[in-house]
Amino acid sequence: LGAMAASFVLWVPTLYRRGDASRRKVSGSGCSRRTVPVSYVLSSVIAFVSILKLQPCDPSTNECTPDQGFGSFHLHFRQWLQALHIILVVPVLASPFMPNMLRIDSAVLFGLLFATISAWHILQMTRGAVYTMPKTDCQISITTDLVCCSFITLYAIYMDALQTRNGAYNGAAATFLRLSAAAALMPLLSPAAVLAGHLCL
């Protein structure tokens, strides 16, 4: 879900990263390619909090549901899951109806997301979290999301790496290097963090 949420939330602002006329036409706005609507900031914060509320917790505490064979989770798990799915589409729907919405530097948003998500994933690893084979339907579904979003992220980085900001095309070696670095960092930092790190450059 972390990969799914971040890939979806961060995908649309990439339309503003390219300065060519066709991309500006697709985005429906002549706004700066280095800014994003403030709605993406608010939705990113809520999405991240929602994701934190979806992680398993200790069933011995009063703040968790009983373990019914597939783990114990925070109370109101269903509501947080619904909130996550709803908040993903809010900025996409809001942008066309609020063209004059306050905008911020995209590097700031994506830089903060990169630092926050990276730190959280590394913290989980220091606490003993490891990759395991999915067993339940839910785990298989989330793992499928993770794999698909990994490829979406690599594709987005590949498309961006093909050309520089001034429109010149990068060499094959430079593009391959950036793509390789992104693929190597994904298992450690997650696709979400890698995509945010790429977008803040």
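Our subject is the structure listed above.
Below is a short write-up of the structure.

1. Thoughts on the overall build of the protein chain
- Scanning the protein chain for helices and strands turns up eight helices and two strands.
- Reading the secondary structure of the protein chain in the N-to-C direction produces α-α-β-α-α-β-α-α-α-α.
- Within the protein chain, the fraction of its 201 residues that count as buried is 34%.
- Partitioning the contacts of the protein chain with sequence separation of at least 6, the portion at a separation of at least 24 is 70%.
- Of the roughly 11800 Å² that the protein chain leaves accessible, carbon and sulfur atoms contribute 69%.

2. A closer look at helix α7 (residues 172-189)
- The first and last C-alpha atoms of α7 sit 25 Å apart over 18 residues, in line with the 26 Å expected at 1.5 Å per residue.
- T175, A182, M186 and L189 are the residues of α7 that are buried. Buried residues in α7, looked at end-on, bunch into an arc of 95°, giving them a common side. What points out from α7, more than 90 degrees from its buried face, is the exposed set A172, A173, F176, L177 and A184.
- Its buried side turned inward, α7 meets α5 (106-126), α6 (137-161) and α8 (191-199).
- Remark: S190 follows α7 within two positions and exhibits a positive phi of approximately 90°.

3. Comments concerning helix α4 (residues 77-97)
- In a regular helix each residue adds 1.5 Å, so 21 residues correspond to 30 Å; α4 covers 31 Å between its end C-alpha atoms and thus fits that length.
- At V90, α4 is deflected by roughly 30°, the largest bend along its length, and proline P91 occurs up to four residues later in sequence.
- Here α4 has its buried residues at L84, I87, L88, P91, A94 and S95.

4. With respect to the state of the cysteines
- All chains considered together, the criterion is met by zero disulfides.
- Of all cysteine sulfurs, the one in C149 lies closest to C148, which takes part in no disulfide; the gap is 6.8 Å.
- Judged by its relative accessible area of 42%, C148 is partly exposed.
- The class for C149 is buried, based on a relative accessible area of 7%.

5. Here's the deal with the environment of E63
- Residue position: E63 is located in the loop between α3 (38-53) and α4.
- Along the sequence, E63 and L75 sit 12 residues apart, while their C-alpha atoms lie 6.0 Å from each other.
- Apart from residues lying up to four places away in sequence, E63 is in contact with F73, H74 and L75.

Thresholds applied
- Residues numbered from 1 in each chain as written.
- Predicted model: local features only at pLDDT ≥ 70, side-chain atom pairs only at ≥ 80, totals over all residues.
- Heavy atoms only, no water.
- Helix = DSSP H or I, 4+ residues; strand = E, 2+ residues; numbered from the N terminus.
- Buried < 20%, exposed > 50% of the residue type's maximum accessible area, 1.4 Å probe, protein only.
- Contact = heavy atoms within 4.5 Å.
- Areas by Shrake-Rupley, 256 points an atom, 1.4 Å probe, with all protein chains shown as cover.
- Expected span 1.5 Å × (residues − 1).
- Arc of directions from axis to C-beta.
- Bend = angle between axes of the 7 residues up to and from the residue.
- Disulfide = S-S within 2.5 Å.

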